[in-house]
Amino acid sequence: MGKVTITLGKRKRQRNPKFVSATGSVNPSGTIAVTYRPRKLLSMAPNNIRVLKRHRPQENINECERDPVLESEEMVCYREPTMYGNLLASLGCSKKVVARMKKRRVRKKEGKSDKEGVEDEENSGSAEDEEIQGAGQESLGGLTRNTGQENNDNHNKEEEDFEACETDDVENELCTNGQSSYTSSFREHLSHILSSKELDTLPKGKWKFQWEAPAIGMPNCIWRGTRPNFLHVAQSDPTYGLKPKLYKHWLQLYEKSGGKDFGSSNRRRFFSICNSYMDVFHSNKNGGRGEDSGHMDAYLMHSLNHIFRSRDLVKKNECKIHSLSVEEILSDDGLRDQGFTRPKVLILLPYKCTAFRAVMRLIQLTPESQRVNVQQLDRFDKNFGLTSENVIPKKPYDWEALIGEGNAAYDDAFMIGIEHTKESIRLYGDFNSSDMIIASPLGLVEAIGKAEDHIGKDVDYLSSIEVLVIDHADVLMSMQYWKHIDIVFKQLNRLPSKQHDTTNIMRVRPWYLDGHARFYRQSIIISSHLTAELNSLFNHQCLNYKGKMKLECAYDGVLHEVLCNVTQIYKRFDATSMLQADTARLEYFANKVFPRIRDSVQGGVMIFINSSYEYSKLRMFLKSQKASFCYIDEDATNDVKSRARLEFFNGSKQIMLYTERAYFFWGYKIRGIKQLIFYSLPERKKYYPRIMNMLEESHDMEATVLFSRFDQHQLARIVGKDSANRLIRSKGSIYAFR
């Protein structure tokens, strides 16, 4: 066992580097005896943690043994670690901090203020911001690329995270005496203590919206909230809740890209909504890249603001700890400023190309003095960017608006950790030591599966997520597997499986230890439209104590975009629940619709299907009936798709099945359609008139639409809100639009 002896006034060491934690005691003679021991994992159970916190074991001096190696009168005690000993081991101050504190004392003697010293240091190491092109651009002039291995770092962790006891910006909220005229929403949100009433009502997921306000820039849309309206309050803060350095940099980028009146811009408004720390559901995002950039700017700046404020709080408390006694440290809950692991922000995106845009924009939005070096950027370009080898043919407009023109980087299984240090950004960082994780649901599900199958692997980096962003939620729901989202939500904010090296258990926030982290997590969901699945997720899985804010829109419908003279017949079937709706739909089709198709000699019947589940059930039914049909789905090969289009056009196949996913990916215009059946309405309202306009001109063109009362969201987007209500509530079950 390695040994360390420390005496008052002088110090000598004998250290074995294999032992990394220490316990200590003060002998009656004034000697401090310290024992190094191998690190052992602390129990993560909340009850055990409370025991460590409240009941410190009594030290028994009589159990000390004389060490034969030390030829002195000093005593060395070998004991199990106490909370006091763990605290001593975790509160070590680096030489850099000592040197910085010494400089401060010298400045004080010379009559200079700390602020002057901070400004001198910042001015000596910073440069003027370079001009960055407008929103959505991916040029990063002036950045230093580091393509070295992620583990081959020359940065010392303590030097990066706690190099100075000052923050990047001199702000009122971080003043020494703790008093300020402005309390940030960050501090207000995380310092809240849940009442017993809140703990009882929050898990039930019952919310009452108290106010409505028009959504500026979005006609026929309103914001609704469960807490008092705060939108007018955001205008009173000159930086809108942003750290001054972030605000200044964002404003410069906005103005250089040609933007005017930043305070009235959509991105600024949406940032203020995100900065409220309420759960937010935005369900009217258009497909254009410009609006995508505006929303992305807002939630990325909110994420950066949260990460940098968290780091500032840790720095402030680290400085404060060095001037406090052990008793004061243990009794001050304000020093509990961390989670079980470091990642605080999780952003879920559908494809690598969307992650590429988000990361590149994140780098642009980071002030230049804090991104002097971007590590692993070349590797990121290679894995996530567009190369000359993966250029693909022209795609539909919806595809290009989301993916990018000619971009084949639409892999839907990825994860990347991003770590911010004082002057650099690390891509591909270890997940447990990253500040932000950008991933796809499938990428996280694969990581969760590996953790379950292999001992030693875990996903504890999801235990301390405080800001969750789900962008392009409509794509994740309808073009990928929604079950993956459910799996990820079940894994969020769970107690970790073990203690990690990055965890200081003495500084973990109490509500993490109590298992209440999910009530503090903010969830931001951004979608182009509202669905029943997204609505259920927002109401029952997003349980933030701060409440909810939701966008509601009244639609006029898209029937006027149908150009051909077709009779559109809507047929309603009865269903007792959403779970039973799929079975009821198939039964209605089998009994009311399919017999007419089977008895007809006419071909050219195309059936459009919304979901993969409905498609698989309908395909099995047609096989059982030995029907003549072909199909185009998202998994079909080029040969299968070409053969299906040819057989349907020349009449050798009577029926074609065409899924919404296939139309999203390929956008094929089908020829030879004489009768059109919407087995289920498309989620994207623009698809309805496009598919309807594929019908061949004839004197008796007819299209049939099947729906139930659980399809109200799709109906409202297609026929309009008022017409949808009549279709759902009237006594009749068949309606026609001409």
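Residues numbered from 1 in each chain as written. Predicted model: local features only at pLDDT ≥ 70, side-chain atom pairs only at ≥ 80, totals over all residues. Heavy atoms only, no water.

A. Fine view of the overall build of the protein chain. In terms of regular secondary structure, the protein chain is built from 26 helices and 23 strands. Buried residues in the protein chain amount to 55% of all 738 residues. A separation threshold of at least 6 residues defines the contact pool for the protein chain, and within that pool the share at least 24 residues apart is 77%. For the protein chain, the computed accessible surface area is about 35100 Å², with 49% contributed by carbon and sulfur atoms. (Helix = DSSP H or I, 4+ residues; strand = E, 2+ residues; numbered from the N terminus. Buried < 20%, exposed > 50% of the residue type's maximum accessible area, 1.4 Å probe, protein only. Contact = heavy atoms within 4.5 Å. Areas by Shrake-Rupley, 256 points an atom, 1.4 Å probe, with all protein chains shown as cover.)

B. Representation of the sheet that holds strand β20 (residues 655–659) within the structure. Strand order across the open sheet formed by seven strands is β19-β20-β18-β21-β22-β17-β23, with mixed pairing between neighbours. A strand with exactly one partner marks an edge of an open sheet, and here the two such strands are β19 (629–632) and β23 (734–737). In this sheet, adjacent strand axes meet at a mean angle of 20° when their direction is disregarded. Looking at chain direction, β19 and β20 are connected through four bridges and run parallel. Paired with Phe629 across the bridge in β20 is Ile655. Of the strands in this sheet, β17 (567–572), β18 (605–609), β20, β21 (675–678) and β22 (702–707) touch helix α20 (residues 578–599), which is tilted by about 160° from β22. (Pairing = 2+ DSSP bridges. Axes fitted to C-alpha atoms, helices over the stretch in contact; angles between N-to-C directions.)

C. Region of interest: helix α19 (residues 532–540). Taken together, the buried positions of α19 are occupied by Leu534, Asn535, Leu537, Phe538 and Asn539. Contacts made by the buried residues of α19 are with β8 (279–282), β14 (467–470), α16 (473–478), α17 (483–491), β15 (522–526) and β16 (548–553).

D. Quick peek at the nonpolar core. With 77 residues, the main nonpolar core has Trp223, Ile347, Phe380, Leu427 and Ile438 as its most contacted residues. No other element matches helix α10 (residues 289–321), which puts nine residues into this core. Residue contacts for Ile438: discarding those within four places in its chain leaves Ile347, Leu349, Ala355, Val359, Phe414, Met415, Ile416 and Ile418. Residues Phe608, Tyr663, Ala703 and Tyr735 belong to the second largest nonpolar core, which totals 48 residues. (Core = buried A, V, L, I, M, F, W, Y, C linked by side-chain atoms within 4.5 Å.)

E. Summary view of the packing of α20 against helix α21 (residues 612–624). Where α20 meets α21, the closest approach of the two axes is 11 Å, and the angle between their N-to-C directions is 40°. Classified by the angle their axes make, α20 and α21 are oblique. Helix-helix and strand crossings are classified by hand; for α20 and α21 the assignment is right-handed. On α21, the residues that touch Asp582, Thr583, Arg585, Leu586, Phe589, Ala590 and Phe594 of α20 are Tyr613, Glu614, Lys617, Leu618, Phe621 and Leu622. (Parallel < 35°, antiparallel > 145°, perpendicular 65-115°, else oblique. Left-handed = near helix turned anticlockwise from the far one by under 90°.)

F. The environment of Pro238, seen in detail. By the element assignment, Pro238 lies in the loop between β7 (221–225) and α8 (244–256). Relative accessible area serves as the criterion here: at 63%, Pro238 is assigned to the exposed category. Linking Pro238 and Gly263, residues 25 residues apart in sequence, is a C-alpha distance of 9.7 Å.

G. The arrangement of the packing of helix α12 (residues 352–365) against helix α13 (residues 377–384) in detail. Look at α12 against α13: their axes get within 10 Å of each other, and the N-to-C directions meet at 155°. The angle between the axes of α12 and α13 places the two elements in the roughly antiparallel class. You can see that α12 and α13 cross each other, and the crossing is left-handed. Residues Lys352, Ala355, Phe356, Val359, Met360 and Ile363 of α12 lie in contact with α13, whose contacting residues are Leu377, Phe380, Asp381, Asn383 and Phe384. The residue makeup of the contact of α12 with α13, split by class, is eight nonpolar, one polar and two charged. (Nonpolar A, V, L, I, M, F, W, Y, C, P; charged D, E, K, R; others polar.)

H. Quick peek at the state of the cysteines. Per the stated rule, a full pass over the model turns up one disulfide. Put simply, Cys221 and Cys553 are joined by a disulfide, and their sulfur atoms are 2.2 Å apart. Across the disulfide from Cys221 to Cys553, rotation about the S-S bond amounts to roughly 110°, and the bridge is consequently right-handed. Highlighted residues: Cys221 in strand β7 and Cys553 in strand β16, separated in sequence by 332 residues. Across the pair, Cys553 and Cys221 agree in class, each one buried. (Disulfide = S-S within 2.5 Å.)

I. The arrangement of the packing of aromatic side chains in detail. Tallied over the entire structure, the rule returns 29 aromatic pairs. On the basis of an interplanar angle of 10° and a centroid distance of 6.4 Å, the ring pair of Trp666 and Tyr668 is categorised as stacked. Each residue in the set Tyr240, Tyr247, Trp250, Tyr254, Phe262 and Phe271 is aromatic and connected to the rest through ring pairs, giving one cluster. Between Arg619 and the ring centre of Tyr631, over which it is positioned, the NZ or CZ distance is 4.0 Å. Taking the ring centre of Trp666 as reference, the NZ or CZ of Lys641 above it sits at 3.1 Å. (Phe/Tyr/Trp six-rings, centres within 6.5 Å; stacked < 30°, edge-to-face > 60°. Lys NZ or Arg CZ within 6 Å of the ring centre and 35° of its normal.)

J. Just the environment of Val467, in detail. Mapping Val467 onto the fold places it in strand β14. Along the chain, Val467 and Ser303 lie 164 residues apart, while their C-alpha atoms are 7.3 Å from each other.

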